[in-house]
Amino acid sequence: MKKRRKVREFKPYSMFYACLVYLFLYLPIFVVIAFSFNTSKINITFEGFTFEWYWKMFENRQLMQSFGNTVIVAAVSTVFSVIIGTLCALGLYKFEFKLKNLISSSLYIPIVIPELVFAIALLIFFTSIHVSMSMVTLIIAHVTFSMPFVVITVRARLAGFDKSIEEAARDLGANEFRTFMRVTLPMISPGVISGGMLALTMSLDDVVVSFFTAGPESTTLPLKILGMVRKGVSPDVNALSTLMIFGTIVILLTSTLIQGRLEKRM
Amino acid sequence: MNQASEKVIVRLTNVDKNFDSERVVKKLNLDIEEGEFLTLLGPSGCGKTTTLRMIAGFEYPTEGQIFLEGEDVDDKKPNERNVNTVFQNYALFPHMNVFDNIAFGLVEKKVKKEEIQRRVEEMIKLVQLDGMEKRMPSQMSGGQKQRVAIARALVNRPKVLLLDEPLGALDLKLRKQMQGELKHLQRQLGITFIYVTHDQEEALTMSDRIAIMNHGYLEQVGTPEEVYNHPKTKFVADFIGESNIIEGYIENMTDNSIEVTMESGKAVIAEKGYRLEEIIYLCVRPENLKLSTDPVKGFRFRGQVREHVFIGSINKTMIELPNGQMLKAETPAEDELIPVGTVVNVYWNPGKVVVMRTKEEQIYNVIEQSVEIEGMTNDQIF
Ligand SMILES: Nc1ncnc2c1ncn2[C@@H]1O[C@H](COP(=O)(O)OP(=O)(O)OP(=O)(O)O)[C@@H](O)[C@H]1O
Ligand SMILES: [Mg+2]
């Protein structure tokens, strides 16, 4: 049996192809990371290694304030999206009512319509009810576009849900609330968490909707960066971007870890 | 209503259940006594699960009442009823290990920790799952999951345990073993079991009483012996064990026997209480159907041997009557066979025949009920 080959052997040319794909995806990011440590102010040649831009960045009060805003908006809007989205998905799963299909597909509209249109619609809505743009409008706007993602992920989780498991809990003496806390919620939690992660990342890097719905005091980090790059990409923007990349990776890894744990248990 | 010494623990009175416009359970009246093993038996879709779910509280009767321990439970939710269910697909909590699954009900009842520990361990021993406390349901075999499901229900010491085809997913051998274990558990704990199955053998071997359902109607309730030897309806005769069902009308009556004329001949039966020229069904079990090449007194009933089939210790013979109907006869395997193609005399011991009136008079004597099922052919009704 000399000629026996392993199935799915990784051939050299597929390896090469994979490298190209990853290069294409990650090279720009590496460039940003590299230049954030560059002593030169111009992003063309690498002159020397320094942490200078990181210190500068932390000293920049405006930058830090917008960073704080971003964190607050992302956290608060994610919490609301998760709660509303999960309840919405549960309601759509549990109850039969008229126009259910229409209502459930209308949830996806914020996802499919162009973000710009959606942002302008929000702006017009807020001004027409005489609400001036602030942190509150910003959070509401973020909830509207990230909530549908929670609904989608939780519904996906519920799709394979065996109703008799909830019935078993009722049968064993748990009332509706206890059944939800002890059975339903733990079982849909992987969906809730991935929905929450989606909402969080969407909120963290949103530019278009935030641009129209943020008040003067509630500028977020992406908006601030956008303002800064108008005058050219400075090394402190690189430093900031690098930190954000690492932040995202950390969030991603923790959520994968938590989900892996949760799903392994089932 | 029932003044018997046994205590009625579950009572269904005139229970009807409609889904949309479909009537799935019809005028169900059933008393179940404390400590009894009652089986709901019937073909797929006849309303067994629905009946069980109404007792558990997952569905509510459209009409009629359900009493648990003498109390109308119409306003009681599943968690407020002293019954527990073993679900057909087990419905274990996938995110909890065996111990937590079994402890679920006790935790809800706020039983003290040490007592939970003690009772769960006791249960685990009882269902022979020692050492598996920490396993997750996904890491267990069908039979093991089934034991967890039973333990999870029994640990609450319910008055009534509802089991919906609990052995349905198991292979034959395990099934047989679990049947024995379940019956043993039920005896040992003295809990009332309401058991759903569509396996008649399972029903006959395990039950104290069997309730046979068909199309939402309760056809007959009785001990395994009663429903097997004295089926009240053609459906029951046919469903429980095998039966030859032959239509005939009463030609002549003497003091202790009736002469019956059938499409394919004449025969005698030992029955009383019928009218001359009444149309009846004769129900003869294959083991009671005899064949002979010589004429038999009182019988003029002939058919042609069509086929022999060996099934282990018995031999099954198919006989075709002149009108095309096939009869089944069973003989011990060591008996000599009548060659295929031979025309034989078919006969029986007149006392071994169960006689049933036709449906109009006996089976659905409530007119209202037969109206319900118009639009079906007679075959569907039976
Ligand atoms: N929730 C429901 N909505 C509508 N119809 C239903 C519902 N549940 C059951 N039915 C119908 O009621 C009838 C009886 O169903 P049921 O589940 O009680 O049958 P069953 O006797 O348990 O059958 P099986 O042996 O196949 O489990 C079926 O025709 C079924 O289609
Ligand atoms: Mg069923």
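Basis of the calculations
Residues numbered from 1 in each chain as written. Chains lettered and ligands numbered in written order. Predicted model: local features only at pLDDT ≥ 70, side-chain atom pairs only at ≥ 80, totals over all residues. Heavy atoms only, no water. Helix = DSSP H or I, 4+ residues; strand = E, 2+ residues; numbered from the N terminus. Rg over C-alpha atoms; globule rule 2.2 N^0.38 Å. Buried < 20%, exposed > 50% of the residue type's maximum accessible area, 1.4 Å probe, protein only. Contact = heavy atoms within 4.5 Å. Axes fitted to C-alpha atoms, helices over the stretch in contact; angles between N-to-C directions. Parallel < 35°, antiparallel > 145°, perpendicular 65-115°, else oblique. Left-handed = near helix turned anticlockwise from the far one by under 90°. Nonpolar A, V, L, I, M, F, W, Y, C, P; charged D, E, K, R; others polar. Expected span 1.5 Å × (residues − 1). Bend = angle between axes of the 7 residues up to and from the residue. Core = buried A, V, L, I, M, F, W, Y, C linked by side-chain atoms within 4.5 Å. Buried area = accessible area lost by both parts, 1.4 Å probe. Salt bridge = Lys/Arg side-chain N within 4 Å of Asp/Glu carboxyl O. Polar contact = N/O pair within 3.5 Å; in protein donor to acceptor, adjacent residues only side chain to side chain. Near = heavy atom within 4 Å. Areas by Shrake-Rupley, 256 points an atom, 1.4 Å probe, with all protein chains shown as cover. pLDDT = per-residue confidence, 0-100.

Describing the overall build of chain A
If you tally the helices and strands in chain A, you get 12 helices and 0 strands. When the helices and strands of chain A are listed from N to C terminus, the series reads α-α-α-α-α-α-α-α-α-α-α-α. Since a compact globule built from 266 residues should have a radius of gyration of about 18 Å, the 23 Å found for chain A marks it as more spread out than a globular shape. On the principal axes, the C-alpha backbone points of chain A span a range of 80 × 70 × 30 Å. Taken across its 266 residues, chain A has 39% of its residues classed as buried. Look at the contacts in chain A between residues 6 or more apart in sequence, and 70% of them connect residues 24 or more apart.

Considering the packing of helix 3 (residues 61-94) of chain A against helix 9 (residues 176-204) of chain A
Residues and elements named next belong to chain A. Close contact between helix 3 and helix 9 brings their axes to 8 Å; oriented N to C, the two are set at 140°. Comparing the axis directions of helix 3 and helix 9 gives the class oblique. In terms of crossing hand, the pair formed by helix 3 and helix 9 is right-handed. Residues Thr70, Val73, Ala74, Ser77, Thr78, Ser81, Val82, Thr86 and Leu90 of helix 3 pack against Phe180, Thr184, Ile188, Val192, Gly196, Ala199, Leu200, Ser203 and Leu204 of helix 9. Tallied by class, residues from the contact of helix 3 with helix 9 come to 10 nonpolar, 8 polar and no charged.

Overview of the packing of helix 3 of chain A against helix 11 (residues 221-229) of chain A
All names here are of chain A. As a packed pair, helix 3 and helix 11 sit with axes 7 Å apart at the nearest point and diverge in direction by 145°. Two secondary-structure elements touch here, helix 3 through Gln62, Leu63, Ser66, Phe67 and Thr70 and helix 11 through Leu221, Pro222, Lys224 and Met228. Among the residues forming the contact of helix 3 with helix 11, the class breakdown is 5 nonpolar, 3 polar and 1 charged.

Thoughts on helix 9 of chain A
Residue pairs three or four apart in sequence face the same way in an α-helix, which turns once every 3.6 residues. Helix length check: helix 9 of chain A, at 29 residues, gives a terminal C-alpha distance of 35 Å against a target of 42 Å (1.5 Å per residue), a shortfall beyond 12%. Maximum bend of helix 9 of chain A: about 55°, positioned at Ser189 of chain A, with proline Pro190 of chain A one to four residues after it.

Quick look at the nonpolar core
Residues Leu158 of chain A together with Val10, Leu40, Phe93, Phe104, Leu162 and Ile194 of chain B are the most contacted members of the largest nonpolar core, which totals 59 residues. If you tally residues by element for this core, the top one is helix 7 (residues 135-159) of chain A, at 8 residues. Those residues in contact with Ile194 of chain B that lie beyond four places of it in its chain are Val10, Ile32, Leu38, Leu40, Leu52, Ile55, Val160, Leu161, Leu162 and Leu163 of chain B.

Digging into the interface of chain A and chain B
Each partner contributes residues to the interface: chain A has 20 residues there, and chain B has 26 residues. Across the chain A to chain B interface the summed buried area is about 2100 Å²; carbon plus sulfur atoms make up 55%. Three residues, Asp171, Leu172 and Arg182 of chain A, lead the burial of chain A against chain B; their summed loss comes to 36% of the area buried on that side. One salt bridge in this structure joins Glu108 of chain B and Arg182 of chain A, with 2.8 Å as the shortest N-O distance. Taken together, the links from chain A to chain B amount to 10 residue pairs in polar contact (both at pLDDT 80 or more).

Topic: the site of ligand 1
All names here are of chain B. In the neighbourhood of ligand 1, the contacting residues comprise Phe19, Glu22, Val24, Ser44, Gly45, Cys46, Gly47, Lys48, Thr49, Thr50, Glu165 and His198. One of the backbone nitrogen or oxygen atoms of Cys46 is found 3.2 Å away from an oxygen atom of ligand 1. Measuring from an oxygen atom of ligand 1, one finds a side-chain N or O atom of His198 at 3.4 Å. Coverage of ligand 1 by the protein amounts to 63% of the 630 Å² it exposes when considered alone. Secondary-structure elements contributing two or more residues to the shell around ligand 1 are strand 2 (22-33) and helix 1 (48-56). Counting residues per element, the shell around ligand 1 draws most heavily on helix 1, at 3 residues.

Brief notes about the confidence of the model for chain B
In low-pLDDT segments, the atomic positions of the prediction should not be examined closely. In this model, chain B carries an average pLDDT of 86, and 92% of its residues clear a pLDDT of 70 or more. This stretch, residues 360-382 of chain B, has a pLDDT under 50; its non-local contacts, to residues over four places away or in other chains, come to 37 contacts.

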